[in-house]
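Here is what each chain is made of, one letter per residue.
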Amino acid sequence: MSPLRMLLERRRSVVIMGVLNRTPDSFSDGGRFADEDTALAQIDAMLSEGADMIDIGAESTRPGARPVPDDEQIARIGGSVRDAVKRGAVVSIDTTSPAVAARALDDGAAVVNSISLDSAAELGALCARRGASLVLMHSRGPMSAMAGFSAYPDDAYDDVVADVAREWSSAAARALEAGLPEGELVLDPGLGFAKNARQSLELCARMHELCALGFPVLVGPSRKSFLARAAASEAAARGGGEEALLAPPPDRLGGTVAAAIACAARGAAAVRVHDVRPVRQALDVMRAIERAGAGDRRRPDGPVAQGARADG
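Residues numbered from 1 in each chain as written. Predicted model: local features only at pLDDT ≥ 70, side-chain atom pairs only at ≥ 80, totals over all residues. Heavy atoms only, no water.

*Asks:* It is not clear to me how the pattern of salt bridges should be interpreted in this structure. Could you clarify?
*Replies:* Side chains that carry opposite charge are capable of pairing whenever their charged atoms lie near each other. One pass over the full model with this rule turns up 22 salt bridges. Residue glutamate 167 pairs with arginine 140 through a salt bridge whose shortest N-O separation is 2.6 Å. Of this pair, glutamate 167 sits in helix 7 (residues 160–177) while arginine 140 sits in the loop between strand 5 (133–137) and helix 7, placing them 27 residues apart in sequence. On the basis of relative accessibility, which here comes to 26%, the residue arginine 140 falls in the partly exposed class. (Salt bridge = Lys/Arg side-chain N within 4 Å of Asp/Glu carboxyl O. Helix = DSSP H or I, 4+ residues; strand = E, 2+ residues; numbered from the N terminus. Buried < 20%, exposed > 50% of the residue type's maximum accessible area, 1.4 Å probe, protein only.)

*Asks:* Could you clarify how one ought to interpret the packing of helix 6 (residues 120–130) against helix 7 in this entry?
*Replies:* Packed helices, taken two at a time, are described by their axes: the angle between them and the distance between them. Running from N to C, helix 6 and helix 7 point in directions that differ by 40 degrees, and their axes come no closer than 7 Å. It follows that helix 6 is oblique to helix 7 by the angle criterion. Our pair here, helix 6 against helix 7, has a crossing hand that is right-handed. Residues Ala120, Ala121 and Gly124 of helix 6 pack against Ala171, Arg174 and Ala175 of helix 7. (Axes fitted to C-alpha atoms, helices over the stretch in contact; angles between N-to-C directions. Parallel < 35°, antiparallel > 145°, perpendicular 65-115°, else oblique. Left-handed = near helix turned anticlockwise from the far one by under 90°. Contact = heavy atoms within 4.5 Å.)

*Asks:* Sorry, what's going on with the state of the cysteines here?
*Replies:* Joining two cysteines, a disulfide is a covalent bond between their sulfur atoms. In this structure the tally under the stated criterion is zero disulfides. Cysteine 211 takes part in no disulfide bond, and the closest cysteine sulfur, belonging to cysteine 263, lies 8.7 Å away. The thiol sulfur of cysteine 263 is not disulfide-bonded, and the nearest other cysteine sulfur, from cysteine 204, lies at 3.7 Å. (Disulfide = S-S within 2.5 Å.)

Structure, rendered in C-alpha cells:
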C-alpha cells in the first residue's frame, strides 16, 4: 500500500497538503522559496504546523504562465524532495511532466500531482511501475491559454459538476487502463482552473456529488481568486464599500478556511493550502464540533433544548 493510501485510510481528519512553490512567478508566493535554505525552512514550518504532505512544484500554474522545460523544473526543485522525505513527509511532485515526475520519484516522492488530464495515461503507467499515487486535476487546456483568474464563460458547462465528473472520469479511465491501481487515484476538481467564480463555488457546494464517484477528493481553494470574488460580491450585496474590492492573494485566508471547511463537510478527503496552521486549526475545531454533536445524548426536551443556558 502506498504512503498516500495509508495516510488516507488511517486519517482521523482531513489530510492537509502544504504547498511549496519553487517558482519565481506563482500567483501568490512566487520567488519566496526559490533558494534551498528558505525552501527547507518552509518545509520544516509546514510540517510543524500540521501538514500531512508536502506538494513541491517548479512550474507556475497562474493564467498565461509559460511551460517550463523539464531540466529547468528539475533544477528549481533542487534537493527539496529529498529534504522533505528525510523529515518523514509524504511528498507530492506537482508537475505534468513524466520526466520531472520520474526524477522526483527517484528522490523519494510518493505522489504525482498533475494539473492536466492530458498526460493521464503516461503518468498512470509511471505511477503503476513505481508504486506511487496519482492526483489528477480537472482543467481544460494549458495554463498559457487561460484568459485570467476566474475568467471563464458562464455557458462553457451545461452542468459544471456533471461535466467535470465526466471529463475527469474519462482521463481516470486512461490512467487505470495504463495499470494504475484504482486505490491509488485521487480526484481534484480543479477549483479556479477553466472555471469562473460561480462555477468554482458550485463545485464546492456540490462536493458530495464528486465524492460519490468513489475516489478520494482533494481540493485546492487556497488563496484563489474565486474566494475574493465571492467575498466581494457578498460585500456589495450588503452595501459594503471598500470590502467590495477584490482582496489580493495574501488577504484571502478567511476565504480559504471557509472553503476548506465547506468542502471537508461535504466529503473532501484532503485540502491543498499555503497556510497550514490556521487551516489545520479550523478543520480540527470542525471535527471537535462534529464529535461533540455525535456524542450529545441529552433529551430533545431537556433544559438546553427549551432555551435554558448551559453555561450557568
